[in-house]
2 protein chains.
Amino acid sequence: MESHQLRKTPERFSILEEIYTRNDHFDAEELFEDLKNKAQNISRATVYNTLELLHSCDLIKKHQFGKNLAQYEKSYGHKQHDHIICVDCKKVVEFCDPRIQQIQSMMGELLNFKITHHSLNLYGICGTCQMQREKNQVSSSKIQVKR
Amino acid sequence: MESHQLRKTPERFSILEEIYTRNDHFDAEELFEDLKNKAQNISRATVYNTLELLHSCDLIKKHQFGKNLAQYEKSYGHKQHDHIICVDCKKVVEFCDPRIQQIQSMMGELLNFKITHHSLNLYGICGTCQMQREKNQVSSSKIQVKR
DNA sequence: TTGTGTGCAAAAGCTTTGCATGTTG
DNA sequence: CAACATGCAAAGCTTTTGCACACAA
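Residues numbered from 1 in each chain as written. Chains lettered and ligands numbered in written order. Predicted model: local features only at pLDDT ≥ 70, side-chain atom pairs only at ≥ 80, totals over all residues. Heavy atoms only, no water.

A. Examining the domain arrangement of chain A more closely. All names here are of chain A. Looking at chain A, the domain boundaries give domain 1 (1-78) and domain 2 (79-147). Counting residues at the interface gives 8 residues for domain 1, matched by 9 residues for domain 2. Around 690 Å² of area is buried between domain 1 and domain 2 when both sides are counted, 58% of it from carbon and sulfur atoms. If you sort the residues of domain 1 by the area they bury against domain 2, His25, Phe65 and His78 come out on top, with a joint share of 67%. Here domain 1 is connected to domain 2 by 0 salt bridges. Counting every contact that joins domain 1 to domain 2 gives 2 residue pairs in polar contact (both at pLDDT 80 or more). Here the residues of the side of domain 1 that touches domain 2 are counted per class, giving 1 nonpolar, 6 polar and 1 charged. (Domains from an automatic or database assignment. Contact = heavy atoms within 4.5 Å. Buried area = accessible area lost by both parts, 1.4 Å probe. Salt bridge = Lys/Arg side-chain N within 4 Å of Asp/Glu carboxyl O. Polar contact = N/O pair within 3.5 Å; in protein donor to acceptor, adjacent residues only side chain to side chain. Nonpolar A, V, L, I, M, F, W, Y, C, P; charged D, E, K, R; others polar.)

B. Up close: the sheet that holds strand E2 (residues 60-63) of chain B. All names here are of chain B. Strand order in the open sheet formed by 3 strands is E1-E3-E2, with antiparallel pairing between adjacent strands. With one partner strand each, in any of the chains shown, strand E1 (26-27) and E2 form the two edges of the open sheet. Where E1 meets strand E3 (residues 71-74), 2 bridges bridge the pair, whose relative direction is antiparallel. By the bridge assignment for E3, Phe26 is matched with Tyr72. (Pairing = 2+ DSSP bridges. Helix = DSSP H or I, 4+ residues; strand = E, 2+ residues; numbered from the N terminus.)

C. Up close: the interface of chain A and chain B. Residue-level contacts link 50 residues of chain A with 50 residues of chain B. Applying the counting criterion to the chain A and chain B interface returns 0 salt bridges. Joining chain A to chain B, the criterion identifies 12 residue pairs in polar contact (both at pLDDT 80 or more). Residue assignment for the side of chain A that touches chain B shows that the elements contributing at least two residues are helix H3 (44-56), strand E4 (82-86), strand E5 (92-95), helix H4 (99-111), strand E6 (114-126) and helix H5 (127-136) of chain A. Of all the elements, E6 of chain A adds the most residues to the side of chain A that touches chain B, at 13 residues.

D. Representation of the relation of the copies chain A and chain B within the structure. Relative to chain B, chain A is turned by 180° and slid 0.0 Å along the rotation axis, the superposed coordinates differing by an RMSD of 0.1 Å. Taken together, the turn and the small shift mark the pair as related by a two-fold rotation axis. Taking C-alpha positions as the reference, the residue of chain A nearest the rotation axis is Leu120 of chain A, at 2.1 Å. By residue overlap, the copies meet face to face through one surface: 100% of the interface positions of chain A are interface positions in chain B. (Least-squares fit on C-alpha atoms with pLDDT ≥ 70 in both.)

E. Structural detail: the protein's contact with DNA strand C. Every one of the 21 residues lining DNA strand C counts as a neighbour, but Tyr48 of chain A together with Arg7, Thr9, Asn41 and Thr46 of chain B are closest to it. Taking all atoms of DNA strand C within 4 Å of the protein, the share assigned to sugar and phosphate is 75%. A distance of 3.5 Å separates a sugar or linking oxygen of DNA strand C from a polar side-chain atom of Glu11 of chain B. Those elements that provide at least two residues to the surface near DNA strand C are H3 of chain A together with helix H1 (10-21) and helix H3 (44-56) of chain B. Residues that form the surface near DNA strand C fall into these classes: 8 nonpolar, 6 polar and 7 charged. (Near = heavy atom within 4 Å.)

F. Representation of helix H2 (residues 28-37) of chain A. All names here are of chain A. Looking at H2, one finds that the buried residues are Ala28, Leu31, Phe32 and Leu35. Buried residues along H2 cover an arc of 100° about the axis, so they all sit on one side. On its buried face, H2 is in contact with helix H1 (10-21), strand E1 (26-27), H3 and strand E3 (71-74). Between the side-chain oxygen at the start of H2 and the backbone nitrogen of Glu29 there is a gap of 3.1 Å, and the oxygen is on Asp27. (Buried < 20%, exposed > 50% of the residue type's maximum accessible area, 1.4 Å probe, protein only. Arc of directions from axis to C-beta.)

Shown next, in the form of structure tokens:
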């Protein structure tokens, strides 16, 4: 597993372990905080380095859900999936659809790309937030930029 | 067009005009530089504000192609499309596939989301960079993180 | 006139870097 | 022992904010 040309340091194992006990999406800072709370003395720089490293070995996946912040999740123990993100409450839901694989291989062939991975995000308003919006309908009719 | 609750200022018209004469993807800084070169005295803050504003009126689309930098493109004069990005040279190619619309409406219904838009990016190595890699094959067999 | 947009510079947030030290193979 | 990883703090980049001034409606 680690024999992808990289050294086995305690820091890397700690980080990998922490990631693989998590089941959700997280960012670098959250991971750093969690490790700190567990009395692991790992610096932010190492966290960033290692995330980059694990990402290039395909041990973790990296996402950008619209925000200007990279989020990660483990690669294994989870079947291939994509994401729906609520633009109001930022909730993320996962889904699968086999047609994406078809599109991916078809387009790769057509455009002569060796496709390694993809990212499909659907953005919209979840059920809960739809109700919220209906309730607030009476007030402001202006554009809602933030919440 | 602009009657989406917002004021018609010369700055906004300049920005919108600049965007709609472009046919490629651009980021906030590029747009700011272009406007400055055209002797338009528009500040960075206004560029960012206006991009956000145009985005929420759906006059422009916003992308995050892996980098930690938002890229934009105009919404009209261009049919709906998605992107393939070369992970080596960062080239972006556009493509269309009607199946994505199907996935989008199906998943929206299934998960009770009112989907407003989506983002599908395929990542891989373009033809040119594939050849590059073959040429360099003899040397380093290590992981290539940067180029 | 009045609320809103603008410019400027400073601040904030995420990520990367430089360098001295420590550790792996 | 040599190459590489780490920690720390500083720097870098993109984006946001505060405030005084200007302007559209």
